[in-house]
Structure formats: C-alpha cells, structure tokens
Amino acid sequence: MNVLDLSRLRPRLPSPLEAVEDERFARRGLTLLLKREDLIHPDLPGNKWRKLAPNLREAAGRPVLTFGGAYSNHLRATAAAGRLLGFPTVGVVRGDELAGRPLNPSLARCAADGMRLEFVDRATYRAKNDPAVLAALLERAAPAGAYVVPEGGSNAPAVHGCVELGRELAGAADTVAVACGTGGTLAGLAAGLSPGQRALGVPVLRGGFLGGEVRALQEAAFGGPRGEWSLDERFHGGGYARVPPALEAFAQDFEERHGLAIERLYVAKMLYGLTVLAEEDAFPPGTRLAAVITGGPEDGARETGATPRDRP
C-alpha cells in the first residue's frame with residue numbers, strides 16, 4: 001500500500017486562535033475567539049482539510065470517488081488534493097440536466113484540476129448510499145479499486161480527523177461554535193474537547209435531521225457518544241445557500257468591525273447565532289467563546305448558485 005505524504009502540502013497546523021474585541025460580547029463579560037481554520041491551506045481550508053486528510057491516508061494513492069452538488073466546496077477540495085498529490089478523482093454531481101451545459105466556475109475548476117465529472121439524476125443521487133446504486137456508479141465512472149468518500153466528506157475517518165481540532169482548543173475556550181452541514185466536524189470536535197468544554201453546532205440546513213447524523217457518525221467513529229455537544233437550529237436563514245438581508249447586513253457589519261472577510265453560507269450563520277445567543281444571555285459572564293472559521297468568502301462565493309436543496 002502506498003503511503004500518501006500529506007506533509008508535502010505544508011498545512012498550517014495548529015491553526016491560529018485569535019482574540020477579537022467586540023462590545024456585543026464584552027459588555028456581557030464574554031470573550032470572543034476566532035479559530036482560523038480558513039488559514040490551514042489555500043486549496044483545502046478548514047474542515048475540508050480536517051475531513052479529507054484521514055480519508056486520503058486511507059485511500060493511499062488510489063483513485064477517489066466522491067459526491068456533491070454543482071457548487072460543492074468538497075468536490076473542489078478533493079479535486080485540488082488530487083492535482084497536488086497526483087491521484088485520480090471522480091466527482092458524482094447531482095443533476096443530470098447539467099451534463100449538456102457549460103460548466104459553472106466551481107465545476108470548471110474541478111475539471112481543470114483533473115477531476116472526472118459524472119452527472120446523475122436526482123433520484124439516483126438520493127440513492128447513492130444504496131449498495132447496488134454505488135456499485136453501478138463505481139463500475140461506470142471510477143477506475144478499479146477506487147476509494148469512496150461520502151458527500152461532504154463526513155465519515156468515521158473524517159470524524160477522527162476533526163478530533164484534533166478539539167484538542168487544539170483544550171483549555172482555551174469554554175464553548176466552541178461551528179457551522180454544520182453534514183455533521184462530521186461537530187462529531188469530531190466534541191470528541192476532542194476536554195471535560196468541561198462543550199461544542200455548539202449551528203446547522204445551515206433546515207430539517208432538524210442533523211442531531212441523528214452526528215450521533216450516527218460518533219457511533220461509527222467511536223462506538224458511542226463522545227463529548228458534550230448541542231445544536232441550535234434557528235440560524236439557517238431559510239435553508240442552504242439562503243442569505244437573507246438581515247444576515248448579509250450582520251456579515252457586512254462584522255467585516256467592518258474586525259477587518260475580516262466573512263463567508264456567508266456557513267461562517268456568517270454561526271457568528272450571527274453566537275451574537276444572538278450572547279444577547280439572550282445564554283452564556284454566563286466569564287465564558288470564553290471560540291468560533292470556528294471553517295472557510296473564507298471565496299468558498300461561499302463558489303456556492304452562491306446552489307439551490308436550497310443542495311447539500312455541502
């Protein structure tokens with residue numbers, strides 16, 4: 001089995017932890033910290049690095065097949081990893097109607113990085129975890145021996161990869177907030193935190209399904225629940241890829257206050273949720289709050305053409 005040397009990519013680990021002065025938190029006796037996961041790697045930032053790195057080690061240089069919507073950052077990161085490390089990649093893309101159209105900038109970047117794009121109808125995509133459907137996709141689209149990474153990169157190896165994020169925050173914060181799409185980052189983050197620390201997930205999709213997915217991921221990764229975590233379902237802004245005017249105004253204001261460009265589809269929703277919770281006195285004075293910055297604004301910009309039904 002080949003050994004894939006991910007150190008060649010020179011990730012910035014541990015990612016920086018920065019304190020910011022924000023009077024909305026300070027007047028309630030709270031400290032706000034930003035965990036700058038967006039600075040880990042320019043092509044595999046944030047939780048994309050945390051989740052992909054262990055899967056790439058498992059793949060050991062074999063071709064990688066994975067899934068995503070037309071504006072998926074996960075597909076972009078996987079394609080970039082294939083280019084940088086020299087292994088073939090296949091992206092199964094939701095929506096066979098896209099096959100005859102010019103590629104959008106996100107998919108064009110995937111193709112430029114060498115990813116083979118396989119467009120499937122939405123019914124097939126929904127059934128992608130069915131063994132027969134997956135076997136047919138592998139036979140049709142992937143080279144022999146391909147390693148499968150699920151949509152969003154969330155599986156047991158990914159959860160283990162995100163444990164290190166929690167360990168990097170040991171002793172530095174009381175509550176750690178992260179935006180959630182498929183739940184893998186939250187599942188690993190919570191497991192890596194120390195006793196007395198807790199993780200707060202802010203789902204960016206509607207539906208109330210994420211709690212079950214996080215529990216299932218922890219079961220697959222650890223054999224049962226790990227760490228203290230909770231979800232606040234109020235801040236999805238109407239659904240995935242939705243950025244209502246109030247959220248846009250909040251993000252612009254945060255950028256002006258702190259000189260940090262904010263990604264809208266994930267990070268802005270999490271920061272908005274933390275601010276609302278602070279104003280609701282949800283945290284006792286003296287609480288240190290760490291906000292995980294999982295990506296930069298260019299990541300969200302690649303996804304703004306996504307429909308609310310699209311998943312990460």
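The rules we used
- Residues numbered from 1 in each chain as written.
- Predicted model: local features only at pLDDT ≥ 70, side-chain atom pairs only at ≥ 80, totals over all residues.
- Heavy atoms only, no water.
- Helix = DSSP H or I, 4+ residues; strand = E, 2+ residues; numbered from the N terminus.
- Buried < 20%, exposed > 50% of the residue type's maximum accessible area, 1.4 Å probe, protein only.
- Contact = heavy atoms within 4.5 Å.
- Polar contact = N/O pair within 3.5 Å; in protein donor to acceptor, adjacent residues only side chain to side chain.
- Pairing = 2+ DSSP bridges.
- Axes fitted to C-alpha atoms, helices over the stretch in contact; angles between N-to-C directions.
- Phe/Tyr/Trp six-rings, centres within 6.5 Å; stacked < 30°, edge-to-face > 60°.
- Core = buried A, V, L, I, M, F, W, Y, C linked by side-chain atoms within 4.5 Å.

Participant: So what about the environment of lysine 128? Which residues, and what values?
Facilitator: You can see lysine 128 is positioned in the loop between helix 5 (122-126) and helix 6 (131-141). Lysine 128 sits in the buried class, given a relative accessible area of 10%. When the C-alpha positions of lysine 128 and phenylalanine 67 are compared, they lie 8.7 Å apart, and in sequence the two are 61 residues distant. Lysine 128 has contacts with Phe67, Val133, Leu134 and Glu151, leaving out every residue within four places of it along the chain.

Participant: Describe helix 7 (residues 156-168), listing the residues and the values that go with them.
Facilitator: Burial within helix 7 is extensive, with ten of its 13 residues counted as buried. Turning to helix 7, its buried residues are Ala156, Pro157, Ala158, Val159, Gly161, Cys162, Val163, Leu165, Gly166 and Glu168. Among the structural elements, strand 2 (31-35), helix 2 (46-59), strand 6 (147-148), helix 8 (184-192), helix 9 (210-222) and strand 10 (288-292) are those in contact with the buried residues of helix 7. You can read the cap of helix 7 off the contacts: a side-chain oxygen lies 3.0 Å from the backbone nitrogen of alanine 158, and it is on asparagine 155.

Participant: How would you explain the sheet that holds strand 8 (residues 198-203) if you had to name every residue and give the values?
Facilitator: Sheet architecture is open: six strands sit in the order 1-2-10-7-8-9, paired in mixed fashion. The open sheet has two free edges, formed respectively by strand 1 (17-20) and strand 9 (229-231), since each of these has just one partner strand. In this sheet, neighbouring strand axes are inclined to one another by 25 degrees on average, regardless of whether the strands run parallel or antiparallel. Of the pairings in the sheet, the one linking strand 7 (residues 175-180) to strand 8 comprises six bridges and is parallel in character. Bridge pairing in strand 8 links cysteine 180 to proline 203. Together, strand 2, strand 7, strand 8 and strand 10 form the strand contacts of helix 11 (residues 267-279), whose direction differs from that of strand 10 by roughly 160 degrees.

Participant: If you had to explain the sheet that holds strand 4 (residues 89-94) to someone new, which residues and values would you point to?
Facilitator: On the basis of which strands lie adjacent, the open sheet formed by four strands has the order 5-4-3-6 and parallel pairing. Of all the strands in the sheet, the pair left with one neighbour each is strand 5 (116-120) and strand 6. One ladder, built from five bridges, connects strand 4 with strand 5; its direction is parallel. Residue arginine 94 lies in a different strand from strand 5, and its bridge partner there is valine 120.

Participant: Talk me through the packing of aromatic side chains; I want residue IDs and the actual numbers.
Facilitator: In the structure shown here, the tally under the stated rule is four aromatic pairs. Taken together, a centroid distance of 6.0 Å and an interplanar angle of 40 degrees make the contact between phenylalanine 250 and phenylalanine 254 tilted. Here phenylalanine 254 and phenylalanine 250 lie together in helix 10 (residues 245-258), a separation of four residues that amounts to about one turn. Considered together, phenylalanine 250 and phenylalanine 254 belong to a single accessibility category, that of buried residues. With centroids separated by 5.4 Å and ring planes inclined at 70 degrees, the aromatic side chains of phenylalanine 250 and tyrosine 272 adopt a geometry described as edge-to-face. Taken as a pair, phenylalanine 250 in helix 10 and tyrosine 272 in helix 11 lie far apart in primary sequence, 22 residues in all.

Participant: Before we move on, can you summarise the nonpolar core with the specific residues and values?
Facilitator: With 34 residues, the main nonpolar core has Leu32, Leu34, Ile262, Met270, Leu271 and Leu274 as its most contacted residues. Elements represented by at least two residues in this core include exactly strand 2, strand 7, strand 8, helix 10, helix 11 and strand 10. Counting residues in each nonpolar core, the second largest holds 24 residues, with Val163, Leu169, Leu193 and Phe222 among its members.

Participant: Lay out the side chain of histidine 41 in plain terms, naming residues and giving numbers.
Facilitator: Checked against the element boundaries, histidine 41 lands in the loop between strand 2 and helix 2. Looking at histidine 41, the relative accessible area reads 7%, which means it is buried. Within the structure, histidine 41 has its side chain in polar contact with the backbone oxygen of leucine 9 (distance 3.3 Å). In terms of polar contacts, histidine 41 uses its side chain to reach the backbone amide nitrogen of leucine 44, at 3.3 Å. In contact with histidine 41, other than residues within four places in its own chain, are Leu9 and Leu84.

Participant: So what's going on with unusual backbone geometry? Which residues, and what values?
Facilitator: With an omega of -10 degrees, the peptide bond between leucine 13 and proline 14 qualifies as cis. Topologically, proline 14 is positioned in the segment before strand 1. Of note in the backbone geometry, alanine 60 takes a positive phi value of approximately 55 degrees without being a glycine. The residue alanine 60 is located in the loop between helix 2 and strand 3 (64-68) in this model. The class for alanine 60 is buried, based on a relative accessible area of 4%. Positive phi, close to 60 degrees, is recorded for aspartate 281, a residue that is not glycine. Structurally, the position occupied by aspartate 281 is in the loop between helix 11 and strand 10.

Participant: Let's hear about the environment of leucine 84: which residues, and what values?
Facilitator: Locating leucine 84 in the fold gives a position in helix 3 (residues 73-85). When its relative accessible area of 28% is taken as the criterion, leucine 84 is described as partly exposed. Taking the C-alpha atoms as reference points, leucine 84 and leucine 205, separated by 121 residues in sequence, lie 31 Å from one another. For leucine 84, the residues in contact, after removing those within four places along its chain, are Arg8, Leu9, His41, Asp43 and Leu44.

In short, geometric facts, not functional conclusions.
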